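Geometric and topological summary
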Amino acid sequence: MSFPKGFLWGGASAANQYEGGYNEGGKGLATADLISGGSHLTSRKITKNVQGNLLYPSHEATDFYHHYKEDIALFAEAGFKAFRLSINWSRIFPNGNDEQPNEEGLQFYDNVFDECRKHDIEPVVTIAHFDVPAYLSQNFNGWGSREVIDFYYRYAETIFKRYEKKVKYWITFNEINTATLTIGNFLALGLNVGDSDFVKQPDDMKLRYQALHHQFVASARVVKLAHDNYPQFEIGCMISYMPRYPFTCHPNDVLLAKQEENMHSKFCGDVQVQGKYPYYAHKYFKDNGFQVDITEEDKDILAQGKVDYYTFSYYLTLCVSADDAVEKNGNSMIGGSGVNNPYLEQTEWNAMIDPVGLRIALNDIYDRYELPLMIVENGIGVSEEIADDGKIYDDYRVEYLKKHIVEMEKAIEDGVDLIGYTIWSAVDIVSASTGEMKKRYGIVHVDKYDDGTGTLERRKKESFYWYKKVIETNGESLKD
Ligand code: BG6
């Protein structure tokens, strides 16, 4: 196999879906703590306050807060070289705009990073992964306000300084392009949508793109902060990358696929890597009847805050048809829609399984930017049972991961500079889109269920042993 020496094999997570301890250690309430559980068929609910009759999966999640030592020991046993996690902003600044950080929160991540270092595991840290301090959402309209840029900057400044010797790889925002979807209003931008359905949130497109612009500026300022003060850091963007295929070779399908891929999968990476808005975005805003307020100062900072490496999540591809008569079945992870691809199978949650699409994505991205790439999420959500012998035979996960890793290897042979791969997810965690535990992604099972019950006991799945072998042999075992 062609995986380079030092390739960062590992697993990924996000605080709001994994950590729990939502009101412990001085942590403030986050937007994620106000989204109830749901399912594939029933949307999650966003509430202004925590309501006693609803279950909020982030509150306990799978309790990394109290299990971090045990979990990191499991990662070490699997041979992880890297562990991707996010810092919960409201654990460090409970309201988001506090003058002083919460020492207990800072100490928690010190403990986590020390534990990783003890096992030679490189932490890959997302500064904001789908959570905003609820106070900022309710009093500043989240990222809708320019002031939030300064609060985020102070937060990043604090954690950079604190963890400068413990963390090298940083990511400014998880799947920043989620803001191109309606669902991003609350999930990614923390806009104050009030009591709302999670899937059908009230949407003001101009505000949504303005809020996204504030995130671009915040990201660029923080990248510049890192470049000026911490030359040892690598600081990247993170994009939910979903290649779009034209459903037919009709030029209208080809054109629409390209336009959708531009505005969903390419736009944000273009801004963060190239330091300016791409030409097609201006046209898109104009066609939709609005303009984003971009100052000259903003342009300067975007140009000065170009990321060092490009990370992305990869789960599926979409087929695009310009023909109204063709059924769009909503095939996607979070929001979006697409046409069924007759050549591919789908998961229980309607994600098209497309390993070759990963090779296509890797080549497209590398061709565009020529930056080191890292796949920081890839995996399959499945409802699964423990067998009578106590084991979890997740051969479908092994099959899924294997096929994707083989395509990664081919992309490396194509010449792509791929530096790491962290599967989604290391341990079972709450689903971001549906709030379910049932949609399990981990190679470690957690005894936790949709009704909030469970002992939180950890159990290695069969895929755990398989992945351990892959890492141990730097991919050679895939030939077996
Ligand atoms: C990505 C997110 O969208 O996909 C994760 O970065 C999320 O937070 C993952 O969990 C899988 O999606 P879902 O909705 O199945 O959890």
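For the structure given in this document, a descriptive report is provided here. (Residues numbered from 1 in each chain as written. Predicted model: local features only at pLDDT ≥ 70, side-chain atom pairs only at ≥ 80, totals over all residues. Heavy atoms only, no water.)

1. Quick notes on the site of the ligand
Around the ligand, 15 residues are found, and the nearest of them are Glu175, Glu377, Ser433, Lys439 and Tyr441. In this structure, Gln17 approaches the ligand through a side-chain N or O atom, which is 2.7 Å from an oxygen atom. Burial of the ligand by the protein chains amounts to 98% of its free accessible area of 380 Å². By residue class, the composition of the shell around the ligand is 7 nonpolar, 5 polar and 3 charged. (Near = heavy atom within 4 Å. Polar contact = N/O pair within 3.5 Å; in protein donor to acceptor, adjacent residues only side chain to side chain. Areas by Shrake-Rupley, 256 points an atom, 1.4 Å probe, with all protein chains shown as cover. Nonpolar A, V, L, I, M, F, W, Y, C, P; charged D, E, K, R; others polar.)

2. Section: the nonpolar core
Counting residues in hydrophobic clusters, the biggest one holds 139 residues, and the most contacted among them are Trp143, Phe160, Phe267, Phe312, Met408 and Tyr467. With 11 residues, the single largest contributor to this core is helix α8 (residues 205–229). When near neighbours in sequence (up to four residues on either side) are disregarded, Tyr467 contacts Trp9, Gly10, Phe80, Ile405, Tyr421, Ile423 and Ile443. If you look at the next biggest cluster of nonpolar residues, it comprises 9 residues, including Ala82, Val124, Tyr169 and Val376. (Core = buried A, V, L, I, M, F, W, Y, C linked by side-chain atoms within 4.5 Å. Buried < 20%, exposed > 50% of the residue type's maximum accessible area, 1.4 Å probe, protein only. Helix = DSSP H or I, 4+ residues; strand = E, 2+ residues; numbered from the N terminus. Contact = heavy atoms within 4.5 Å.)

3. Considerations on helix α10 (residues 279–287)
Residues three or four positions apart in an α-helix share a direction because the helix packs 3.6 residues into each turn. Restricting attention to buried positions, one finds in α10 the residues Tyr280, Ala281 and Phe285. Projection of α10 onto a plane perpendicular to its axis shows the buried side chains occupying an angular sector of 140 degrees, all on one side. Opposite the packed face of α10, turned more than 90 degrees from it, sit the exposed residues Tyr279, Lys286 and Asp287. The elements touched by buried residues of α10 are α8, α9 (251–274) and α12 (355–369). The first or second residue beyond α10 is Gly289, which carries a positive phi of 80 degrees. (Arc of directions from axis to C-beta.)

4. Considerations on unusual backbone geometry
Note the cis peptide between Trp424 and Ser425, where omega equals 0 degrees. When you line up the elements, Ser425 lands in the loop between β14 (418–424) and β15 (444–446).

5. Comments concerning α12
For α12, spanning 15 residues, the distance from its first C-alpha to its last is 22 Å, which sits close to the expected 21 Å at 1.5 Å a residue. Within the span of α12, buried status applies to Pro355, Gly357, Leu358, Ala361, Leu362, Ile365 and Tyr369. Take α12 and look down its axis: the buried residues cluster within an arc of 140 degrees, on one side only. Positive backbone phi, approximately 50 degrees, marks Glu370, located one or two places after α12. (Expected span 1.5 Å × (residues − 1).)

6. Concerning the environment of Gln274
In this fold, Gln274 is placed in helix α9. In this structure Gln274 comes out as partly exposed when scored by relative accessible area, which is 34%. As a C-alpha pair, Gln274 and Ile353 span 79 residues in sequence and 30 Å in three-dimensional space.

7. Some details on the packing of aromatic side chains
Inspection of the entire model under this criterion finds 48 aromatic pairs. Look at Phe113 and Tyr163: their rings are 4.9 Å apart centre to centre, the planes differ by 80 degrees, and that puts the pair in the edge-to-face class. A residue pair is termed long-range when its members are at least 10 positions apart, and Phe113 in helix α4 (residues 103–118) and Tyr163 in the loop between α6 (147–162) and β5 (169–173) qualify at 50 residues. Of the residues examined, Phe113 reaches a relative accessible area of 0% and is grouped as buried. Each ring, one from Phe140 and one from Phe151, has its centre 5.2 Å from the other, and the planes form 80 degrees; the classification is edge-to-face. Within this pair, whereas Phe140 is found in helix α5 (residues 134–140), its partner Phe151 is found in helix α6, the two being separated by 11 residues in sequence. Pair check on accessibility: Phe140 and Phe151 agree, each one buried. Of note, Arg221 hangs over the ring of Tyr153, and the distance from its end group to the ring centre comes to 4.2 Å. (Phe/Tyr/Trp six-rings, centres within 6.5 Å; stacked < 30°, edge-to-face > 60°. Lys NZ or Arg CZ within 6 Å of the ring centre and 35° of its normal.)

8. Looking at the pairing of strand β9 (residues 309–313)
Within β9, 5 of the 5 residues are buried, which leaves the element mostly enclosed by the surrounding structure. Side chains Tyr309, Thr311 and Ser313 of β9 all project onto a buried face; the interleaved residues Tyr310 and Phe312 project onto the opposite face, where all are buried too. Pairing between strand β7 (residues 234–240) and β9: 5 bridges, direction parallel. Bridging from a neighbouring strand, Cys237 pairs with Tyr310 of β9. Summarising the sheet, β9 and strand β13 (residues 373–377) pair through 4 bridges and their orientation is parallel. (Pairing = 2+ DSSP bridges.)

9. Considering the pattern of salt bridges
Any two side chains of opposite charge can pair, so long as their charged atoms come close to each other. Enumeration over the complete set of coordinates arrives at 34 salt bridges. With a shortest N-O distance of 2.3 Å, Lys461 and Glu384 are connected by a salt bridge. Here Lys461, found in the loop between β16 (458–460) and α14 (462–472), pairs with Glu384, found in the loop between β13 and α13 (395–414); they are 77 residues apart in sequence, far enough to count as distant. Judged by relative accessible area, Glu384 falls into the buried class, the value being 9%. We note a salt bridge from Arg397 to Asp394, for which the minimum N-O separation is 2.8 Å. In this pair, the class of Arg397 matches that of Asp394, namely buried. Connected through salt bridges with shared partners, the residues Glu384, Asp394, Arg397, Asp428, Arg440 and Lys461 form a single ionic network. (Salt bridge = Lys/Arg side-chain N within 4 Å of Asp/Glu carboxyl O.)

10. Observations concerning the packing of α8 against α9
Where α8 meets α9, the axes come as close as 10 Å, and the angle between the chain directions of the two elements is 35 degrees. Crossing hand, α8 versus α9: right-handed. Residues Tyr209, Leu212, Phe216 and Ser219 of α8 form the contact with α9, whose participating residues are Met263, Phe267, Cys268, Val271 and Gln272. Tallied by class, residues from the contact of α8 with α9 come to 7 nonpolar, 2 polar and no charged. (Axes fitted to C-alpha atoms, helices over the stretch in contact; angles between N-to-C directions. Left-handed = near helix turned anticlockwise from the far one by under 90°.)

11. Overview of the pairing of strand β3 (residues 82–86)
Where a strand is regular, its side chains alternate between the two sheet faces. In terms of residue burial, β3 counts as a mostly covered element, since 5 of its 5 residues are buried. Alternating positions in β3 separate into two faces, Ala82, Arg84 and Ser86 on one and Phe83 and Leu85 on the other, with burial throughout. In this structure, strand β1 (residues 8–12) lies alongside β3, joined through 3 bridges in parallel fashion. Its bridge partner being in β3, Gly10 is matched across the sheet by Ala82. With 5 bridges connecting them, β3 and strand β4 (residues 122–128) associate as parallel partners. In the strand pairing of β4, Ser86 is matched with Thr126.

Honestly, that's just the spatial picture; any functional story needs more than this.
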